[in-house]
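Notes for the structure review
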Amino acid sequence: MTQNVTGIESLSYTIVRSARRTMSVEIQPHGIVVVRAPNRMPLYEIERFVALKSAWIQRRVRDAQARRALVPQLTGSRSFYHRGEVRTWGFAGDGADLTVPSRVKTENAAISYVERWQRSEAEQVFSTMIADALPTIGVPGLRYQGLRIRAMRRRWGSCSSTGHVTLNGHLIRVPDGCIRGVVVHEVCHLAHLHHGPAFHQLVADVFPDHALADAILDAWTHVLYDDVLTP
Ligand SMILES: [Zn+2]
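Residues numbered from 1 in each chain as written. Predicted model: local features only at pLDDT ≥ 70, side-chain atom pairs only at ≥ 80, totals over all residues.

**Some points on the overall build of the protein**
Looking only at helices and strands, one finds 6 helices and 10 strands in the protein. Expressed as a percentage of the 231 residues in the protein, the buried residues total 23%. Residue pairs at least 24 apart in sequence account for 49% of intrachain contacts in the protein once pairs closer than 6 positions are excluded. (Helix = DSSP H or I, 4+ residues; strand = E, 2+ residues; numbered from the N terminus. Buried ≥ 20, exposed ≤ 12 C-beta atoms within 10 Å, placed from the backbone. Contact = placed C-beta atoms within 7 Å.)

As structure tokens, then:
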């Protein structure tokens with residue numbers, strides 16, 4: 001069951017009841033607050049819980065909104081995201097950031113050209129970041145067998161037990177720090193093929209800012225889902 005409630009001051013939240021025993025608060029990427037509560041908990045108890053946590057919730061909502069503001073907005077149809085920035089493409093004389101070659105005559109052919117250009121940029125950037133990350137994990141880095149780039153809808157990357165790292169080609173659209181976060185995550189799977197404590201410790205050692213990078217990537221994921229990842 002879902003109901004909308006306006007609580008203290010400007011804090012509004014959605015209550016989702018289910019067969020659970022405890023309460024929890026979840027701040028979604030757009031800054032939407034979801035309070036999960038047991039089926040039969042009285043409303044006044046839920047309100048008291050939210051009131052107790054309101055300062056924390058409001059801080060988290062502001063953080064989520066600030067993260068979203070980090071994503072530059074596309075301004076026109078000849079724009080695209082590249083490494084966290086809005087770039088433009090155009091034909092000769094347009095003064096765009098990326099000029100398509102003179103053999104490319106149509107809008108559709110130009111879009112294909114931009115996609116191929118981004119794909120080759122992705123290969124270079126991802127390969128360099130992987131090469132930088134491999135020595136930082138020590139001997140397990142030797143298990144690396146190569147990079148695959150795919151346009152995936154549901155995940156940014158994966159690492160196989162055979163030592164192949166697969167990265168989402170759309171990752172070239174987000175800032176370098178976020179790309180690095182995904183690269184480090186997958187490279188650390190060469191040492192630990194799970195998400196246990198040893199894995200997280202290694203990620204933290206190799207990339208201390210990984211939590212911030214992940215948070216910014218969350219904001220980007222939402223915007224890219226609206227833009228290019230829509231199924
Ligand atoms: Zn993983």
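**Considerations on the pairing of strand β6 (residues 85-90)**
Of the pairings in the sheet, the one linking strand β5 (residues 79-82) to β6 comprises 4 bridges and is antiparallel in character. By the bridge assignment, Ser 79 is partnered in β6 with Thr 88. In this antiparallel pair of consecutive strands, β5 and β6, the connection spans 2 residues, and Arg 83 shows a positive phi of 50°. Note that β6 and strand β7 (residues 98-99) share 2 bridges and pair parallel. Paired with Gly 90 across the two strands is Thr 99, which belongs to β7. (Pairing = 2+ DSSP bridges.)

**Some thoughts on the sheet that holds strand β10 (residues 164-168)**
The mixed open sheet is built from 3 strands, whose spatial order is β8-β10-β9. Edge positions in the sheet fall to β8 (146-150) and β9 (157-159), since each of these pairs with one other strand and no more. Taking the axes of each pair of neighbouring strands and ignoring which way they run, one obtains an average angle of 15° across the sheet. The strands touched by helix α3 (residues 107-133) are β8 and β10; relative to β8, the strand with the most contacts, the crossing angle is about 145°. Strands β9 and β10 of the sheet are contacted by helix α4 (residues 176-188), whose axis makes an angle of about 20° with β9. (Axes fitted to C-alpha atoms, helices over the stretch in contact; angles between N-to-C directions.)

**Let's talk about the sheet that holds β5**
Sheet architecture is open: 3 strands sit in the order β5-β6-β7, paired in mixed fashion. Edge positions in the open sheet fall to β5 and β7, since each of these has one partner strand only.

**Section: α4**
Taking 1.5 Å per residue as the helical rise, α4 with its 13 residues ought to reach 18 Å, and the 18 Å between its terminal C-alpha atoms agrees with that figure. Judged by how many residues are buried, α4 sits mostly within the fold: 10 of 13 residues are covered. (Expected span 1.5 Å × (residues − 1).)

**Focus: the nonpolar core**
Counting 29 residues, the largest nonpolar core has Leu 171, Cys 178, Val 187 and Trp 220 as the members making the most contacts within it. Of all the secondary structure elements, the ones that give two or more residues to this core are α3, β10, α4, α5 (197-206) and α6 (210-227). Per-element accounting of this core gives the leading share, 7 residues, to α4. Apart from residues no more than four positions distant in its own chain, Val 187 is found in contact with Ile 130, Ala 133, Leu 134, Ile 137 and Val 165. In terms of nonpolar packing, the next biggest core, distinct from the first, is built from 10 residues, Tyr 13, Ile 27, Val 35 and Ile 46 among them. (Core = buried A, V, L, I, M, F, W, Y, C linked by C-beta atoms within 7 Å.)

**Focus: unusual backbone geometry**
Of note, the phi angle at Arg 83 is positive, near 50°, even though the residue is not glycine. Along the chain, Arg 83 falls in the loop between β5 and β6. According to the C-beta neighbour criterion, Arg 83 is partly exposed, with 17 such atoms within 10 Å.

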